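Structural description and commentary
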Amino acid sequence: MARRIRALVQQLKAKAANSLQRFPEAAAFLVATVSLLIFLIHDPVLLEETAELLNRIAWTLALGFPLTLCFRELLERYAPHRPKMRGMILPVTLGLLILYFSLGLKEINLVTSTRYVAYSLTSYLAFIFIPYLGRHKDFEFYVLDLALKFCVSYFYAATLYIGIALTLFTIDQLFAVSVCAELYLDFWLICAGIFAPLYFLAEIPGSDRSYEQDTYPQVLKFLFVYILIPIVTVYTIILYTYFAKIIFTQTWPVGLVAHLVLWFALLSSLLLFILYPLRQENRASDKFSRIFPWLILPLIGMMFVAMGKRVAAFGLTENRYYVLLAGLWVTGWMLYYCFTKHRRNVLLPISLAVVAFLSVTGPWSSFAVAKYSQNQRLIGLLRKYELLKGSTIIPRPDLPLEGRQEISAILAYFNKNHSLKEIKLLPAAFELDDMENVFGFKYIRGGRSNARGYFYYQMAEADRILSLEGDEVFVDLTRVYANEIQIGNDLYTLTYSGQNQVLVITREGRELYRKNVKDLLTNDLQAQNLSVGSTPQLIITDQNEEVKLSYLFTEVRGFQDPLTEKYELTGFEFYLFIKKDF
């Protein structure tokens, strides 16, 4: 056993050394990112500005990981005999990251977060296709090999983390050692953010690696050919049946159907990519690869009809932009499969990386197009409802509810996703509270007229104590947690805290009653030897010379020792009834 452990340690050390030798810059960014995240976890009381700054730095450092991988792969592919150029990777990456941090990540919001995800996706896709630029063979095997190694790496990381977590839990339970909860998250970040990526990087094949047909795993071959192909076929039949229903009823699709078709088409594209190496040896794979791209095109057309109706009615937003762009990309990819015999599947990640990058960069980006579309829609609505004269908004208090909701929805979109300053027609320093002065009506929350109106009610703290008919006072003391509450009426003032569980009743500053409710409940349970789980109503009466009270417990939580039969309460909630005169 000891020999096996030593062998495993030696193997892990060898893989770590291989990763550090081949990708030292990427390893440095991993360690820096995880270290900063651990610091943020253990120092939650940072000022808001400092915490946001450190989060932006962590995001930027994390982006450095795929960037350095791309630069390393480029040098291995095109300059393998120029070791001096490798020394430029770190300064070039740092320069790009500083530029991005200063200009593209000034704050964390919806726009910068979306752009960050797109740039990260572009970098990781580039890392995948760079070794096969200019090459035509084995790319599918290479991607499948990377995917399997990635899954294995994180399986090992998860196993390692479970072992560490169980060790910490055992120490915490068996010894007088308090293991803080943050330590579990620390080790997970180390396992998932350092160990797994380094193990994966050590397994990445070199650019000269070649694959044979028999390297395709039999388990995956069975999964893709005999399970996924039938599932995709059945799903296609279902969508075509729905398509026939639409044609028969003349009711065009809206809403969910566009997303169903899009995700189905995207996953099918991935399946076609994976099945490509099997087309020569497997008839089902070859037939599916030739026929399916033609079958999916009408369904994609149905998706565009559904999305076109949404865009015509409500304009473009970022989400609709991405759906349309993804639909165009998958349409182009299916047409490529339809009309090309000798396919270069490396174009799939290349084209996807280009689309991801351009979708968040430049005047054609989702943000610019969506803002332009919503501005134009607002102008159209203002003209439709006669609120616009030239470039001046004319207030109209009698505007129909539908128009007020539509205009409010556009302003809500800009206020949530961008800024009200992006609406060209609005005056400077406009706020939603100014709508009545500018438009003639108040801002309406909740969206379009066909949406359900949301409402919310919560009883005020002062209403927890009520005088009932007769001679009793009712007090609600449920959902009282750590903070102390003080409530009162013309008869009593009550103070209670869910932390110390002491109830104090006073009248005109004079204390009438003080009781530890936990002790009262524990003693009563013990005295009556009650089984809490089988008690239909748990009511305890208590009194002194000043007041008489009845506790109605709505919830009791705790444990009972099977040997001593003593109760240990962990929480409870109750209503209180106070007799006025007795």
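That block above? That's the structure.
So, a few notes on the structure that sits alongside this text. Values in this document were obtained by computation on a predicted structure and should not be read as measured data. (Residues numbered from 1 in each chain as written. Predicted model: local features only at pLDDT ≥ 70, side-chain atom pairs only at ≥ 80, totals over all residues. Heavy atoms only, no water.)

Some points on the state of the cysteines
Scanning the model with the defined rule gives 0 disulfides in all. Note on Cys-191: no disulfide assigned, nearest cysteine sulfur contributed by Cys-180 at a separation of 15 Å. Cys-191 sits in the buried class, given a relative accessible area of 3%. (Disulfide = S-S within 2.5 Å. Buried < 20%, exposed > 50% of the residue type's maximum accessible area, 1.4 Å probe, protein only.)

Observations concerning the environment of Val-360
Mapped onto the elements of the fold, Val-360 is located in the loop between α12 (347-358) and α13 (366-384). Along the primary structure Val-360 and Leu-477 are separated by 117 residues, whereas in three dimensions their C-alpha atoms are 52 Å apart. Not counting residues up to four positions away in its chain, the partners in contact with Val-360 are Thr-114, Arg-115, Ala-118, Tyr-119, Tyr-322, Ser-365 and Phe-367. (Helix = DSSP H or I, 4+ residues; strand = E, 2+ residues; numbered from the N terminus. Contact = heavy atoms within 4.5 Å.)

Points about the sheet that holds strand β3 (residues 465-467)
What the 5 strands build is an open sheet, ordered β3-β4-β11-β10-β9; its pairing is antiparallel. Only two strands of the sheet have a single partner each, and these edge strands are β3 and β9 (538-543). Taking the axes of each pair of neighbouring strands and ignoring which way they run, one obtains an average angle of 30° across the sheet. Relative to strand β11 (residues 567-579), strand β10 (residues 548-560) is paired through 12 bridges, and the arrangement is antiparallel. Bridge pairing in β11 links Leu-552 to Tyr-575. Relative to the sheet, helix α16 (residues 517-528) contacts β9, β10 and β11, its axis offset from that of β11 by approximately 105°. (Pairing = 2+ DSSP bridges. Axes fitted to C-alpha atoms, helices over the stretch in contact; angles between N-to-C directions.)

Description of the packing of helix α10 (residues 283-314) against helix α11 (residues 318-339)
Viewed as axis vectors pointing N to C, α10 and α11 meet at an angle of 155°, and their least axial separation amounts to 9 Å. By the angle class used here, α10 and α11 are roughly antiparallel. As for how α10 packs across α11, the hand of that crossing is left-handed. Here the contact of α10 with α11 is built from residues that sort into 20 nonpolar, 3 polar and 2 charged. (Parallel < 35°, antiparallel > 145°, perpendicular 65-115°, else oblique. Left-handed = near helix turned anticlockwise from the far one by under 90°. Nonpolar A, V, L, I, M, F, W, Y, C, P; charged D, E, K, R; others polar.)

Observations concerning the packing of aromatic side chains
Throughout the structure, instances matching the rule amount to 35 aromatic pairs. Considering the side-chain rings of Tyr-132 and Tyr-142, the 4.9 Å spacing of their centres and the 45° angle between planes classify their relative orientation as tilted. Linking Tyr-132 in the loop between α5 (110-129) and α6 (139-174) with Tyr-142 in helix α6, this pair joins segments that are 10 residues apart in sequence. As far as burial versus exposure is concerned, Tyr-132 and Tyr-142 are alike and both buried. Between Tyr-161 and Trp-188, the ring centres sit 5.3 Å apart and the planes meet at 70°, which makes this aromatic pair edge-to-face. Residue Tyr-161 is found in helix α6, and its partner Trp-188 is found in helix α7 (residues 181-203); the two are separated by 27 residues along the sequence. If you follow Arg-77 out to its NZ or CZ, it ends over the ring of Tyr-78, 5.3 Å from the centre. (Phe/Tyr/Trp six-rings, centres within 6.5 Å; stacked < 30°, edge-to-face > 60°. Lys NZ or Arg CZ within 6 Å of the ring centre and 35° of its normal.)

Observations concerning the environment of Glu-25
Structurally, Glu-25 can be placed in helix α2 (residues 24-42). Distance in space between the C-alpha atoms of Glu-25 and Ser-373 is 43 Å, their sequence separation being 348 residues. What Glu-25 contacts, discounting residues up to four positions off in sequence, is Thr-68, Arg-72, Arg-86, Ile-89 and Leu-90.

Brief notes about the pairing of strand β6 (residues 493-497)
In regular strands, side chains alternate between the two faces of the sheet. With 4 of 5 residues buried, β6 is to be regarded as a mostly interior element. Note: strand β5 (residues 484-488) against β6, 5 bridges, orientation antiparallel. Opposite Ile-485, over in β6, you have Tyr-496 as the bridge partner. Here β5 hands over to β6 after 4 residues, the two strands then running antiparallel side by side. In sequence, β6 turns back onto strand β7 (residues 502-507) through a hairpin of 4 residues, with Gln-501 there showing a positive phi of about 60°.

Some details on helix α4 (residues 89-103)
Here α4 contains 15 residues, and its C-alpha end-to-end distance of 21 Å stays within 8% of the 21 Å for a straight helix at 1.5 Å per residue. Residues of α4 that are buried: Ile-89, Thr-93, Leu-97, Tyr-100 and Phe-101. The buried residues of α4 occupy one face: seen down the axis, they fall within an arc of 100°. α4 presents Ile-98 and Leu-103 as exposed residues on the side facing more than 90 degrees away from its buried surface. (Expected span 1.5 Å × (residues − 1). Arc of directions from axis to C-beta.)

Some words on helix α14 (residues 401-417)
With 17 residues, α14 extends 24 Å between its outermost C-alpha atoms, agreeing within 8% with the 24 Å of an ideal straight helix rising 1.5 Å per residue. Turning to α14, its buried residues are Gly-403, Gln-405, Glu-406, Ile-407, Ser-408, Ile-410, Leu-411, Tyr-413, Phe-414 and Asn-417. Residues of α14 that are buried make contact with α5, α11, α13 and α15 (435-439).

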